[in-house]
Amino acid sequence: MGSALPIRMLHDRILVDLDGESGERRSSGGIVIPATAQMGKRLAWAGVVAVGANVRTVEVGDRVLFDPEDKAEVEVDAETYVLMRERDIHAVASDRLGDSDTGLYL
């Protein structure tokens, strides 16, 4: 994604691009897990592509962890994105955050 999106987010809304993880996965032991396998609740990572004026803790370019069950998809310029509120984000991973800012090892 090289250019800015022709969209301006409002209030506390965030637009994210899902990481390509929707297909089959491999376990640490090398076992292939099909995409149709039922698992417990699994959170997903996505890259932030646009933020509203009232968003305080996330910037464009950050990666965020959220619950994909609560997602609202939107298509912009033939690309599918997920729209959410800032409060729906569980964690932020970014190079701009030091270990002391997050307290997490993400």
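Note that this is a predicted model, so its numbers are computed, not measured.

(A) Region of the structure containing the overall build of the protein chain. From N to C terminus, the protein chain includes one helix and eight strands. Order of helices (α) and strands (β) in the protein chain, N terminus to C terminus: β-β-β-β-β-β-β-β-α. Long-range pairs, those at least 24 residues apart, make up 63% of the contacts in the protein chain with a sequence separation of at least 6. Summed over all atoms, the accessible surface of the protein chain reaches about 7500 Å², with 47% contributed by carbon and sulfur.

(B) The arrangement of the nonpolar core in detail. If you look at the biggest cluster of nonpolar residues, it comprises 13 residues, and the most contacted ones within it are Ile 14, Val 16, Val 58, Val 64, Met 84 and Ile 89. Among the elements of the structure, strand E1 (13-18), strand E4 (44-51), strand E5 (63-66), strand E7 (79-85) and strand E8 (89-93) are those that each provide at least two residues to this core. At three residues, the largest contribution of residues to this core is made by E4. In this structure Val 16 touches Ala 46, Gly 47, Val 48, Val 49, Val 64, Tyr 81, Val 82 and Met 84, once residues within four positions along its chain are discounted. The next biggest cluster of nonpolar side chains, apart from the first, holds six residues, and it includes Leu 15, Val 49, Ala 50 and Tyr 81.

(C) Representation of the environment of Ala 50. For Ala 50, the position within the fold is in strand E4. For Ala 50, a relative accessible area of 9% corresponds to the buried category. Residues Ala 50 and Leu 15, spaced 35 residues apart in sequence, show a C-alpha to C-alpha distance of 5.1 Å. Residues within four places of Ala 50 in sequence aside, it is in contact with Met 9, Arg 13, Ile 14, Leu 15 and Val 60.

(D) Fine view of unusual backbone geometry. With phi around 50°, Asp 77 is a residue other than glycine that occupies positive phi space. By secondary structure assignment, the location of Asp 77 is in the loop between strand E6 (72-76) and E7. The exposure class of Asp 77 is exposed, given its relative accessible area of 58%.

(E) Geometry of the pairing of E5. Two elements, E4 and E5, share four bridges in a ladder whose sense is antiparallel. By the bridge assignment, Gly 47 is partnered in E5 with Arg 63. Two elements, E5 and E8, share four bridges in a ladder whose sense is antiparallel. In the strand pairing of E8, Phe 66 is matched with Ile 89.

Procedures and definitions
Residues numbered from 1 in each chain as written. Predicted model: local features only at pLDDT ≥ 70, side-chain atom pairs only at ≥ 80, totals over all residues. Heavy atoms only, no water. Helix = DSSP H or I, 4+ residues; strand = E, 2+ residues; numbered from the N terminus. Contact = heavy atoms within 4.5 Å. Areas by Shrake-Rupley, 256 points an atom, 1.4 Å probe, with all protein chains shown as cover. Core = buried A, V, L, I, M, F, W, Y, C linked by side-chain atoms within 4.5 Å. Buried < 20%, exposed > 50% of the residue type's maximum accessible area, 1.4 Å probe, protein only. Pairing = 2+ DSSP bridges.

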